[in-house]
Amino acid sequence: MSNAVLEKLPKELVELIAPYDPDADYVNAWVNSSHGERESWTRFRTMGGECVRSKSEVIIADRLRAANVPYFYETPWFVDKNTPLYPDFRILSRRTLKEYYWEHFGK
């Protein structure tokens, strides 16, 4: 609902209206979905309790979390039907709702 419409309504009614943000719904569904996380040996823990493979990845994950950027760690990205790659981070832009992949010092 636009601000112009809200301004025309009585104050009591405006207080009862909860804003609807479809992008927030999309982000929540993305974060709570299963993205095929890979089971692997890791030795470093982030502030959120995730296990990652390096100290650099701890820093990246902690910064993403602090900035409220939704991400997954090492989820499969399929080059074709049978060839998965596991980039370090799969990130969702809240502004564009596009996914980005971040491989930190990958080979």
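In this text, all values refer to a predicted model and were calculated from it rather than measured experimentally. (Residues numbered from 1 in each chain as written. Predicted model: local features only at pLDDT ≥ 70, side-chain atom pairs only at ≥ 80, totals over all residues. Heavy atoms only, no water.)

> Would you mind going over the pattern of salt bridges with me for this structure?
The final tally for this structure, using the stated rule, is three salt bridges. Here E74 makes a salt bridge to R53, at a shortest N to O gap of 2.8 Å. With a gap of 21 residues between them, E74 in the loop between strand 3 (71–73) and strand 4 (77–80) and R53 in the loop between strand 2 (51–52) and helix 4 (55–66) connect regions that are remote in the sequence. Relative accessible area serves as the criterion here: at 37%, R53 is assigned to the partly exposed category. Between R90 and E99 there is a salt bridge; the shortest N-O distance is 2.9 Å. Take E99: its relative accessible area is 29%, and that puts it in the partly exposed class. (Salt bridge = Lys/Arg side-chain N within 4 Å of Asp/Glu carboxyl O. Helix = DSSP H or I, 4+ residues; strand = E, 2+ residues; numbered from the N terminus. Buried < 20%, exposed > 50% of the residue type's maximum accessible area, 1.4 Å probe, protein only.)

> For this particular structure, what's the right way to read the sheet that holds strand 6 (residues 89–92)?
Note on sheets: strands pair through backbone hydrogen bonds, and any given pair is parallel or antiparallel. Strands sit in the order 3-6-7 across an open sheet of three strands; the sheet is antiparallel. Pairing within the sheet leaves two strands with one partner each, and these edge strands are strand 3 and strand 7 (99–102). Taking each pair of neighbouring strands and ignoring which way they run, the sheet shows an average axis angle of 20 degrees. Where strand 3 lies against strand 6, three bridges are found, and the strand directions are antiparallel. Paired with Y73 across the strands is F89, a residue of strand 6. Here helix 3 (residues 22–32) sits on the sheet and contacts strand 3, strand 6 and strand 7; the angle it forms with strand 6, its principal contact strand, is near 160 degrees. Strand contacts of helix 4: strand 3, strand 6 and strand 7, with the helix running at about 15 degrees to strand 6, the strand carrying the most contacts. (Pairing = 2+ DSSP bridges. Axes fitted to C-alpha atoms, helices over the stretch in contact; angles between N-to-C directions. Contact = heavy atoms within 4.5 Å.)

The values reported here are purely geometric and, on their own, carry no functional implication.
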